[in-house]
Amino acid sequence: MTMARILDGKSCAKAIKSQIAQQVTGLANKPGLGTILVGDDPGSQAYVNGKHGDCAEVGISSIRIDLPATASQLDVLKAIKELNDAKECTGYIVQLPLPRGIDTNLILEAIDPNKDADGLHPINLGRLVLNQPAPRPCTPSGIIELLKQNDISWNGKDVAIIGRGTTVGRPLSLMLNSKEINATVTNLHTGSKDLASHTKRADIVIAAIGKSHFLTAEMIKPGAVVVDVGITRTQSGLQGDVHPDVAQVAAAVTPMPGGVGPMTRAMLLNNILSIAQAKV
């Protein structure tokens, strides 16, 4: 049985970072990426560490603010004001999810939309709806770019997105519906009836719900392209939303880890570069 082609996010991200590094050297002022991390979640810590490592690779400076899990909402807002005012900070992100008791929407709204490296400020999400220039959410951008780099066209394809979260599902559906990408999108969620009937029709299936091995081989059509976004921590290690048996049916799949994650980080750097170039 022929196994699916693996869409390697690590190698693709490496090529993108190489291009970013070349463009950074041409800027008069060195761009700076800021991060605000609240709490000690190991996944978030590892992710933020990776982002700062990426910055060092491409010549972008980094500013890091780490707050304890006991930090109040006011503490987070103070950190946001600090980065809003910092001239050396081109753009920044607040690492999600935030601890309970902190209003994520309030925090995101406090970010200077011109420094919104994650593209999640309401103004920038509104610009996305209107198809106006603005930083785009990093994971959707990484998914789109990963398939493009592997010569998989989105144009005219039927795409099923499982999940309607604000960081992946919702913005990705808007981006894929744009005239430039031109896909036909079905956004599936907990209220969807007979979810598998939709995924079986799709040319491309994107699983972004955080339920371990949720998408199985029986839920996709032969030759489909499958993108695994969700991450679940189990006793046996990290697991994605896509069951390993999908590789026996699909034409191409993203690995987890090593698929969408590296691309998300590469798109964050790309957003910082774009913000810096816009200021020139």
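Here we summarise the structure given alongside this text. (Residues numbered from 1 in each chain as written. Predicted model: local features only at pLDDT ≥ 70, side-chain atom pairs only at ≥ 80, totals over all residues. Heavy atoms only, no water.)

### Here's the deal with the overall build of the protein
Test applied: Strands here are runs of E lasting at least two residues and helices are runs of H or I lasting at least four, both read from the DSSP assignment and numbered beginning at the N terminus. For this measure, only C-alpha atoms enter the radius of gyration; the expected value for a globule follows 2.2 Å times N^0.38, where N is the number of residues. Only protein chains enter the accessibility calculation, which uses a 1.4 Å probe; a residue whose area is less than 20% of its type maximum is buried, one above 50% is exposed, and one in between is partly exposed. In this analysis, two residues are considered to be in contact whenever any of their non-hydrogen atoms come within 4.5 Å of each other. For the accessible areas, the method is Shrake-Rupley and the probe is 1.4 Å, while residue cover comes only from the protein chains on display. We treat Lys and Arg as the positive residues and Asp and Glu as the negative residues; His and chain ends play no part in the count. Charge placement uses NZ in Lys and CZ in Arg. For Asp and Glu, CG and CD serve respectively.
Each helix and strand counted, the protein has nine helices and eleven strands in total. Its C-alpha radius of gyration of 19 Å places the protein within 12% of the 19 Å reference for a compact globule of 280 residues. Burial analysis of the protein (280 residues in total) assigns 50% to the buried set. Look at the contacts in the protein between residues 6 or more apart in sequence, and 71% of them connect residues 24 or more apart. Element-wise, carbon and sulfur atoms account for 51% of the exposed surface of the protein, whose accessible area totals about 13300 Å². Computed over 27 positive and 25 negative side-chain charges, the separation of the two mean positions in the protein equals 3 Å.

### Some details on helix α1 (residues 9-25)
Put simply, the rule reads: Multiply 1.5 Å by the residue count of a helix minus one, and that product is the helix's expected span.
Helix length check: α1 (17 residues) gives 24 Å between terminal C-alpha atoms against 24 Å at 1.5 Å per residue, within 8%. Listed in full, the buried residues belonging to α1 are Gly 9, Cys 12, Ala 13, Ile 16, Lys 17, Ile 20, Ala 21 and Val 24. Next to the buried residues of α1 lie α2 (42-58), α6 (138-149) and α9 (260-279).

### Focus: the sheet that holds strand β6 (residues 184-188)
Basically, it comes down to this: A pair of strands is treated as paired once DSSP finds two or more bridges between them.
Within the open sheet, the six strands sit side by side as β1-β11-β8-β7-β5-β6. Their pairing is parallel. Edge positions in the open sheet fall to β1 (5-6) and β6, since each of these has one partner strand only. Pairing analysis gives four bridges linking strand β5 (residues 158-162) to strand β7 (residues 204-207), with the strands arranged parallel. Paired with Ala 160 across the bridge in β7 is Val 205.

### Examining the packing of α1 against α9
Which entries qualify depends on this criterion: In this analysis an axis means a line fitted to C-alpha atoms, helices contributing only their contacting stretch, and an angle means the value between N-to-C directions, from 0 to 180 degrees. When an angle is under 35 degrees it counts as roughly parallel; over 145 it counts as roughly antiparallel; between 65 and 115 it counts as roughly perpendicular; any other value is oblique. Helix crossings fall into two classes, left-handed where the near helix is turned counterclockwise from the far one by less than a right angle and right-handed where it is turned clockwise. Just so you know the grouping, Ala, Val, Leu, Ile, Met, Phe, Trp, Tyr, Cys and Pro go in nonpolar, Asp, Glu, Lys and Arg go in charged, and all remaining residues, Gly too, go in polar.
In contact at an axis separation of 9 Å, α1 and α9 are set at 15 degrees when each is read in the N-to-C sense. For the element pair α1 / α9, the angle class is roughly parallel. The way α1 lies across α9 gives a crossing that is left-handed. Residue-level contacts link Gly 9, Lys 10, Cys 12, Ala 13, Ile 16, Lys 17, Ile 20, Gln 23 and Val 24 of α1 to Pro 262, Met 263, Ala 266, Met 267, Leu 269, Asn 270, Leu 273 and Gln 277 of α9. By residue class, the composition of the contact of α1 with α9 is eleven nonpolar, four polar and two charged.

### A few points about a nonpolar patch on the surface
We count it as follows: The residues that make up patches have over 30% relative accessible area and no salt bridge, and they are joined within 9 Å when like-charged or within 5 Å when they are Val, Leu, Ile, Met, Phe, Trp or Tyr. Every case where a carboxyl oxygen of Asp or Glu lies within 4 Å of a side-chain nitrogen of Lys or Arg is listed as a salt bridge.
Nonpolar side chains collect at one region of the surface, where Val 129, Leu 130 and Leu 174 lie side by side and expose about 280 Å² of accessible area between them. Within the secondary structure layout, Leu 130 lies in the loop between α5 (122-129) and α6.

### Examining the side chain of Lys 51
On the secondary structure map, Lys 51 appears in helix α2. In this view, Lys 51 contacts Leu 33, Ile 93, Gln 95, Arg 265 and Leu 268; residues no more than four positions away in its chain are not counted.

### Examining the packing of α6 against α9
Closest axis-to-axis distance for the α6/α9 pair is 7 Å, and the angle between their directions is 110 degrees. Taken together, the axes of α6 and α9 lie roughly perpendicular to each other. Where α6 crosses over α9, the handedness of that crossing is right-handed. On α9, the residues that touch Cys 138, Thr 139, Ser 141, Gly 142, Ile 143, Glu 145 and Leu 146 of α6 are Val 260, Met 263, Thr 264, Met 267, Leu 268 and Asn 271. A class-by-class count of the residues in the contact of α6 with α9 yields seven nonpolar, five polar and one charged.

### Considerations on the environment of Gly 9
With respect to the helices and strands, Gly 9 occurs in helix α1. Along the primary structure Gly 9 and Met 256 are separated by 247 residues, whereas in three dimensions their C-alpha atoms are 9.5 Å apart. Filtering out sequence-adjacent residues up to four positions away, Gly 9 remains in contact with Leu 146, Gly 258, Gly 259, Pro 262 and Met 263.

### So, the nonpolar core
Put simply, the test is: For this analysis, a nonpolar core means a set of buried residues of the types Ala, Val, Leu, Ile, Met, Phe, Trp, Tyr and Cys, connected via side-chain atoms within 4.5 Å.
Among the nonpolar cores identified, the biggest contains 46 residues, and Ile 60, Ile 143, Leu 147, Trp 154, Val 159, Leu 176 and Ile 206 are the most heavily contacted of them. Listed by contribution, the elements that provide at least two residues to this core are α1, α2, α6, β5, α7 (169-177), β7, β8 (225-228) and α9. With nine residues, α9 is the largest single contributor of residues to this core. Counting 20 residues, the second largest nonpolar core, distinct from the first, contains Ala 71, Ala 79, Ala 86 and Leu 108.

### Brief notes about the layout of surface pockets
For clarity, the cut-off: A cavity here means a set of points on a 1 Å grid, drawn over the protein atoms and nothing else, where a 1.4 Å probe fits but cannot get out; a pocket is an open set with protein on both sides within 12 Å along at least five of seven lines, and a residue lines either one if it has an atom within 4 Å of a point. Grid points are joined across faces, edges and corners, and a volume is the space filled by probe spheres set on the points.
The volume enclosed by the second largest pocket comes to roughly 370 Å³. What lines the second largest pocket is a set of 15 residues, among which Arg 136, Ile 144, Met 175, Ser 178 and Ile 181 lie closest to the centre. Sorting the residues of the lining of the second largest pocket by element identifies α5, α6 and α7 as the ones contributing at least two each.

### Quick word on the pairing of strand β9 (residues 231-234)
Sheet topology note: the β9/strand β10 (residues 237-240) ladder contains four bridges and is antiparallel. Following the sheet pairing, Thr 232 is matched in β10 by Gln 239. Counted between consecutive antiparallel strands, the loop separating β9 from β10 contains two residues.

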